[in-house]
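# Understanding the architecture of this molecule
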Amino acid sequence: LNATDFEDSHRLMMTPPSNIATIAISNGSPPGRHNPVNALGAPVRQYLQAALQSALANPSITSIILIGRPDGKGVFSAGADIKEFSGSSGGSVTKSEPGGVPTLNDLAHLIEQSSKPIVAVLTGACLGGGMELALAAQYRVADDTLKYGLPEVKIGLIPGAGGTQRLPRLCGVRHALDVIVRGRINGSAKEGLKFGLLDGVASEDESIVGCALRWASWASLLPPTTLESRRLCNRSVPSDAEGVENGDMCEFALQSIPPKDKGGESARATVEAIKASFELPSFEEGMECEKNIFNDLLYHSLQGRAYRHIFFAERASSSPRSKGRSTPVNPQLEKGKGAVGVIGAGTMGRGIAISFLRVGFGPLTLVDVNPKGLEAGVAHIQSTLKGEAKKGRLNPSKLGGILASIESSTNLSSLADCDIIIEAAFESLKVKRDIFTKLNKIVKKSDALLLSNTSTLDVDAIASSLSPERRAYCAGMHFFSPAHIMKLVEVVRGSNTSTGTLESICAVTKRIKKVPVVVGNCDGFVGNRMLHPYTSESTLLLSEYGGGVAGLGVADVDAALGQKYFGMAVGPFVMSDIAGNDIGYNIRREKGLVRDSKTGQMGPNRATGMRYTELADEMVEKLGRVGQKVQKGWYNYDPKVGKGRKGLPSSEMQELINKYSLNSPQKGHKLGKEEIVQRVLFPLVNEGFKILEEGIACDPSDIDIIYLYGYGWPAYRGGPMYWADNYVGLTTLLDELDKLYQMYPGSEYFRPSELLRKCVRMELGVQEYYKQGFAQSDS
């Protein structure tokens, strides 16, 4: 599409005065292609190139406005089309593509070298490649909707169209580091004015289009020398206003970034590129450095691929993976409207209520049979919301209305008019079935969503308490604790749950700013089912290799899996102490695995030969070590040390470990960190394969998202299934599991999955197996 073709197929918008051309990014999207964020895909880039060339070639045009939409509403551009990064084109940023499609660098160069002043009009999101185009313009104006940033680091890259070279020249190294290294996306118009990104902001009595016209008219009257000085490629990086050397600021920034092999690869690369802006002699050499770093990360970084895998996996998991789209049960819920009921005023119920209230749902009725617990729950919710408003996380002007929408009751009948009810009562099937039996009679709306926050129980057994016609509207909505902070929600599909119900739950989950993943109904669903081998093997390692100073200790296992080595947010024993060791104990007891404390008889479901240790049972049952809430669990806790959250060695726990490892042939032996990682995480991944095999999870990437957002899996490792594919290798995984199962036949979680064996035979990673559709042919 050249300039002549463009004139034939498009019309430049000529704005009074007629010597100003307006080019709207939104006009570049092909008809019928939804592009609400003005992503800069190939068709949009072709359009912008042709429109710019046409305007530059037209002698009657003296200045150009580059805007998101013709009316100045909505976003400027959220950046590159990230789907293009999976190809071989350099992500359409640095390498030219077949057919003369311009790269973002080509467009930025065309804008910067324009012989006519270009005014970029920044509204809404101005991110990534969109911001890089704006930086190339000679002038930038905005309104108060602007949110700017360069978040490429979050997908394992650096800005590749001049962002690391132009932003330091315009705003200084301090602001460039703040925006680029942190991957910020919340820069405001006020901030842009302060740091020199913007030349002007629309006043209260003028539209952004009017503001742009004013600047374009003025710029067209200036001499050519002024235009030359506005090109950032002709500027050098300024000294810091506070007198700190630019190089020192970069070194300081590096101190706060994780090591390269612990997720800091792309963040460290951004600092290297920013340093090139003031260390290299010319802009062109800086751009070459940026390009080389960008391409190296794009093509060779395993961490970068992991971050981009997560980006796409999160978007794919956010709606039911079903053919077509059903009509949601209640479209109003998608809009954040509807009466909400929460049953249970404990930790989970409070967090769930806060999540709904802070985004405007209401009225919200909190129900608990315990009046004191209910009162404490309401007080906690109110206090938390007030705290968020004080810190600026919640609009203070809305706080009064939110607090007024909270209702409380000890009677389930108060939920009669609710559109959605989430039960977060005690984790007992009997208790939950009793609640749902009562809701079946109480709730007036036949299509009200009746959801359970159960973390392990059978959703179908809960739904069976409802009349047959109501069961289509019943599902699990499993939040993770603390519910108002953790992003993940497992949406549990029962055998009678309708697709419309799943659509509505996913929409509501996104509305409350969380990530939904639809999973099947089984014991523990996905996350907690995979957690069983993880926590079980961690404890068994202590009972087999512990004992004395020389033996494997609690801290050794946590150190191997925690942030400093493998990268989990916390190790398994810290995690258990935070959650409460009584939770795992109660689950084991419900499953019939725990020895009866009165009769001494072994749990009825603990099979002969099953590999099991009573170490974790005794610490709860006899020692009362249930975790941080009582200042003792796997560790001791002191309120004066680390705010009561820092784990301290416990001689009592060491004596218990000595007791259970006394007769182990391996007692008193340390394992290396990598061996601990394999022994604990390989069975977790193997369980993930079995979950896929059974259709409980629809795609390996769903499991990755669950572990990233629900269990603190390190993002740079991409998730358990991505890690198995790309870091471990499925052949290695299978070989090690075969060895472990031969050594420990009493641990069923070591028996390799048939899906794993099939992937190895076919020489395919599990993600590729699903991408190629083999899973569908299996079903």
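See the structure printed just above.
Quick summary incoming for the structure in this document. Only a predicted model underlies this, so the values are computations on that prediction, with no experimental measurement involved. Sequence order sets the numbering: in each chain, residues are counted from 1 along the sequence as written. Reporting of local features is limited, given that this is a predicted model, to residues whose pLDDT is at least 70; pairs of side-chain atoms are given and counted only at 80 or more, and all residues count toward the totals for whole chains, interfaces and linings. The basis for every side-chain value is the complete set of heavy atoms in the structure, and neither hydrogens nor water enter the calculation.

## As for the overall build of the protein
How we decide: The way it works is that DSSP assigns letters per residue, a run of H or I at least four long becomes a helix, a run of E at least two long becomes a strand, and they are numbered from the N terminus. Two things to know: the radius of gyration comes from C-alpha atoms, and the globule rule equals 2.2 Å times the number of residues to the power 0.38. Throughout, exposure labels follow a simple rule: accessible area from a 1.4 Å probe, protein chains only, divided by the maximum for the residue type, with under 20% read as buried, over 50% as exposed, and the rest as partly exposed. Contact between two residues is taken to exist if any of their heavy atoms lie within 4.5 Å; hydrogens are not considered.
The secondary structure content of the protein amounts to 33 helices and 16 strands. The C-alpha atoms of the protein give 29 Å as radius of gyration, which agrees with the globular expectation for 779 residues (28 Å, within 12%). Over its C-alpha atoms, taken along the principal directions, the protein stretches across nearly 95 × 60 × 60 Å. Counting the 779 residues in the protein, one finds 57% classified as buried. Sequence separation of 24 or more characterises 73% of the internal contacts of the protein that already satisfy a separation of 6 or more.

## Examining helix H12 (residues 283–300)
Quick reminder of the rule: To estimate how far a helix should reach, multiply one less than its number of residues by 1.5 Å.
Taking 1.5 Å per residue, 18 residues should reach 26 Å; H12 reaches 25 Å between its end C-alpha atoms and fits that length. Within H12, burial applies to Phe283, Gly286, Met287, Cys289, Glu290, Ile293, Phe294, Asn295, Leu297 and Leu298. Buried-residue contacts for H12 involve helix H3 (104–112), helix H5 (163–171), helix H11 (265–279) and helix H13 (302–317).

## Concerning the sheet that holds strand S9 (residues 340–343)
The condition that has to hold: When DSSP finds at least two bridges between two strands, those strands are taken to pair. Only C-alpha atoms enter the line fits that serve as axes; for helices the fit covers just the stretch in contact. Angles between N-to-C directions range over 0 to 180 degrees.
Ordered in space as S11-S10-S9-S12-S13-S14-S15-S16, the 8 strands form an open sheet in which the pairing is mixed. Strands at the two margins of the open sheet, each flanked by one partner only, are strand S11 (406–409) and strand S16 (515–519). Within this sheet the neighbouring strands show an average axis-to-axis angle of 25 degrees, counted without direction.

## Overview of helix H16 (residues 371–390)
A turn of α-helix holds 3.6 residues, and therefore any two residues three or four places apart point the same way. How we decide: Directions from the helix axis toward the C-beta atoms define the arc.
Taking 1.5 Å as the rise per residue, H16 with 20 residues should run 28 Å; its terminal C-alpha atoms sit 29 Å apart, in good agreement. Buried residues of H16: Leu374, Gly377, Val378, Ile381, Thr384, Leu385, Glu388 and Ala389, and no others. Projected down its long axis, H16 carries its buried residues within an arc of 140 degrees, all on one side. Across H16 from its buried face, at more than 90 degrees, point the exposed residues Lys372, Glu375 and Lys390. Buried residues along H16 sit against helix H15 (347–357), strand S10 (364–367), helix H17 (396–404) and S11. Just beyond H16, the residue with positive phi is Gly392, at close to 85 degrees.

## Re the packing of H16 against H17
Definition in use: What sets the label is the angle itself: under 35 degrees gives roughly parallel, over 145 gives roughly antiparallel, 65 to 115 gives roughly perpendicular, and the rest give oblique. The handedness criterion is simple: a crossing whose near helix is rotated anticlockwise from the far helix by less than a right angle is left-handed, and one whose near helix is rotated clockwise is right-handed. Polar here means any residue other than Ala, Val, Leu, Ile, Met, Phe, Trp, Tyr, Cys and Pro, which are nonpolar, and Asp, Glu, Lys and Arg, which are charged; Gly is therefore polar.
Contact geometry for H16 and H17: axes closest at 9 Å, N-to-C directions at 170 degrees. Classified by the angle their axes make, H16 and H17 are roughly antiparallel. Judged by the twist between their axes, the crossing of H16 over H17 is right-handed. On the side of H16, the interface is formed by Gln382, Leu385, Lys386 and Ala389, while H17 contributes Pro396, Leu399, Ile402 and Leu403. Across the contact of H16 with H17, the residue classes break down as 6 nonpolar, 1 polar and 1 charged.

## Considerations on the environment of Ile485
Checked against the element boundaries, Ile485 lands in the loop between strand S14 (474–479) and strand S15 (488–492). On a C-alpha basis, the gap between Ile485 and Ile354 in space is 9.6 Å, while along the polypeptide they are 131 residues apart.

## Describing the packing of aromatic side chains
What counts here: Pairing of aromatic side chains here covers Phe, Tyr and the six-membered ring of Trp, requires ring centres within 6.5 Å, and sorts the geometry by plane angle: under 30 degrees stacked, over 60 edge-to-face, intermediate tilted. As a reminder, the over-ring test applies to NZ of lysine and CZ of arginine, requiring each to be within 6 Å of the ring centre and within 35 degrees of the ring normal.
The final tally for this structure, using the stated rule, is 16 aromatic pairs. Stacked on the ring of Phe311, the Lys or Arg Arg315 has its end atom at 3.6 Å from the ring centre. A cation over a ring is seen here: Arg717 above Phe566, with NZ or CZ 4.3 Å from the ring centre.

## Looking at the nonpolar core
The following threshold applies: Here, the term nonpolar core denotes a set of buried Ala, Val, Leu, Ile, Met, Phe, Trp, Tyr and Cys residues that are joined through side-chain atoms within 4.5 Å.
Judged by nonpolar contacts, the single largest core of 85 residues is most densely connected at Val526, Tyr534, Trp634, Leu681, Phe689, Trp723 and Leu733. Examining the composition of this core, we find that 10 residues originate from one element, helix H27 (residues 673–693), more than from any other. With residues near it in sequence (within four places) discarded, Tyr534 still touches Leu561, Met568, Val570, Gly571, Pro572, Met575, Val680, Leu681 and Leu684. Counting residues in hydrophobic clusters, the runner-up holds 70 residues, among them Ile23, Ile61, Leu104 and Leu198.

## Let's talk about the pairing of S16
When you tally the buried positions in S16, you get 5 out of 5 residues, the bulk of the element. Residues Val515, Val517 and Val519 line one face of S16 and the alternating positions Pro516 and Val518 line the opposite face, and both faces are buried. Taken together, the 5 bridges between S15 and S16 define a ladder with parallel strand orientation. Its bridge partner being in S16, Val489 is matched across the sheet by Pro516.

## Observations concerning the pairing of S10
By the alternation rule, side chains of S10 split into Leu364 and Leu366 and Thr365 and Val367, which are all buried. Judged from the 4 bridges that link them, S9 and S10 form a sheet pairing that is parallel. Counted as the bridge partner of Gly341 is Thr365 from S10. Taken together, the 4 bridges between S10 and S11 define a ladder with parallel strand orientation. In the strand pairing of S11, Val367 is matched with Ser409.

## Here we look at unusual backbone geometry
Cis rather than trans, the peptide bond between Gly362 and Pro363 has omega equal to 0 degrees. Residue placement: Pro363 occurs in the loop between H15 and S10. A cis geometry characterises the amide bond from Ser481 onward to Pro482, with omega recorded as -5 degrees. Relative to the assigned elements, Pro482 resides in the loop between S14 and S15. Unusually for a residue other than glycine, Asn38 sits at a positive phi of about 55 degrees. Relative to the helices and strands, Asn38 resides in the loop between strand S2 (20–24) and helix H2 (42–57). Residue Asn38 is classed as buried on the basis of its relative accessible area of 3%. One non-glycine residue with positive phi stands out, namely Gln631, at about 65 degrees. The residue Gln631 is located in the loop between helix H25 (615–621) and helix H26 (651–661) in this model.

## A few points about the pattern of salt bridges
Selection criterion: Salt bridge, as used here: a side-chain nitrogen of Lys or Arg that lies within 4 Å of a carboxyl oxygen of Asp or Glu.
If you walk through the whole model with that rule in mind, you get 39 salt bridges. With a closest N to O distance of 2.9 Å, Arg529 and Glu687 form a salt bridge. Residue Arg529 is located in helix H21 (residues 527–545), and its partner Glu687 is located in helix H27; the two are separated by 158 residues in the primary sequence. For the pair shown, Arg529 and Glu687 are each scored as buried.

## As for the side chain of Asp81
Here Asp81 is to be found in the loop between strand S3 (63–67) and H3. A relative accessible area of 18% places Asp81 in the buried class. Leave out the neighbours within four places in its chain, and Asp81 touches Ala39, Leu40 and Gly41.

## Quick word on the packing of helix H6 (residues 173–180) against H11
Packed helices, taken two at a time, are described by the angle between their axes plus the distance between the axes. Interhelical geometry of H6 versus H11 gives an angle of 160 degrees and a closest axis separation of 10 Å. Classified by the interaxial angle, the pair formed by H6 and H11 is roughly antiparallel. Here the hand of the crossing between H6 and H11 comes out right-handed. Across from Val173, Ala176, Leu177 and Ile180 in H6, the residues of H11 making contact are Thr270, Val271, Ile274 and Phe278. By residue class, the composition of the contact of H6 with H11 is 7 nonpolar, 1 polar and no charged.

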